[in-house]
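A look at the structure
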Amino acid sequence: SIATAEAELKNATTIREKEAADFAASEAELTDAIDTLERATALLEREMRKNPAAALTQVDGANPAAAIQAMSAILEAAAFPGSDQKKLVALVQQRDQGEDADMGAPAADAYKSHSSSILDVLQDMKEKAEDELSDLRKAEMNSKHNYEMVKQSLEDQMKADTKDME
């Protein structure tokens, strides 16, 4: 019936609006994270060119606190804004917590050295954030398309039901 179709359309629209809002928030967060990582990487590269010894700074993947401390020291020396430093530290901590949560069988490369440069860590985080953003945008496109299909179908159904009543 028309009332049922209208209710379904209203419900689908409410769900779609929530999905769109969630997407916008997630997209903004990921875009901000990518921007922060890009700026930090550029700054660290510039500082490492000035001080080649800093380029040898290695971080132990098993000790995220040391990685954060080393990165913070370099960023502070380069006058990286405090708010961006906090974001970066949060991103690194989030990354390390995510890796700790990945329980189960060890990955194929789990036995490789856990030592890598700070720049490698930041680049890896940036690539993961970009992949996540790409996946998020694809999901949003599919969700939007599915909503448009449902909306069109319900509107067509309401038109047909209205015509049948005439």
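Position numbers for residues start from 1 in each chain and track the written sequence from start to end. Reporting in this predicted model follows two pLDDT cut-offs: at least 70 for local features of residues, and 80 or more for side-chain atom pairs to be given and counted; totals over whole chains, interfaces and linings ignore these cut-offs and use all residues. Side-chain numbers here rest on the full set of heavy atoms in the structure, without hydrogens or water.

To continue, consider the side chain of Lys126. Along the chain, Lys126 turns up in helix H4 (residues 118-165). Each residue gets one of three labels from its accessible area relative to the maximum for its type: buried under 20%, exposed over 50%, partly exposed in between, using a 1.4 Å probe on protein chains only. For Lys126, a relative accessible area of 15% puts it in the buried group. Whether two residues touch is decided by their heavy atoms; if any such pair falls within 4.5 Å, the residues are in contact. Aside from chain neighbours lying at most four places away, what touches Lys126 is Ile34, Leu37 and Glu38. Elements are defined by DSSP. Helices are runs of H or I of four residues or more, strands are runs of E of two residues or more, and each kind is numbered from the N terminus.

Moving on to the confidence of the model for the protein chain. The predicted structure's coordinates, where accompanied by low pLDDT, should not be read in detail. A residue-level look at the protein chain finds 60% of positions with pLDDT of 70 or above and a mean pLDDT of 76. Predictor confidence is given residue by residue as pLDDT, running from a minimum of 0 to a maximum of 100. When mean pLDDT is compared element by element in the protein chain, H4 scores highest at 91, while strand S1 (residues 58-60) scores lowest at 49. Throughout residues 100-115 the model reports pLDDT below 50, and contacts reaching past four residues in sequence, or to other chains, amount to seven contacts.

Axes here mean lines fitted to C-alpha atoms, for a helix over just the part in contact, with angles spanning 0 to 180 degrees between N-to-C directions. Where helix H1 (residues 2-50) contacts H4, the axes come no closer than 8 Å and their chain directions differ by 165°. Classified by the angle their axes make, H1 and H4 are roughly antiparallel. As H1 runs across H4, the sense of the crossing is left-handed. Three classes are used, and their members are as follows: Ala, Val, Leu, Ile, Met, Phe, Trp, Tyr, Cys and Pro are nonpolar, Asp, Glu, Lys and Arg are charged, and the others, Gly among them, are polar. Considered class by class, the residues forming the contact of H1 with H4 number 24 nonpolar, eight polar and 16 charged. Oblique is the label for any angle not under 35 degrees, not over 145, and not in the 65 to 115 range, which are roughly parallel, roughly antiparallel and roughly perpendicular in turn. Here a crossing is taken to be left-handed if its near helix is turned anticlockwise relative to the far helix by less than a right angle, and right-handed if that turn runs clockwise.

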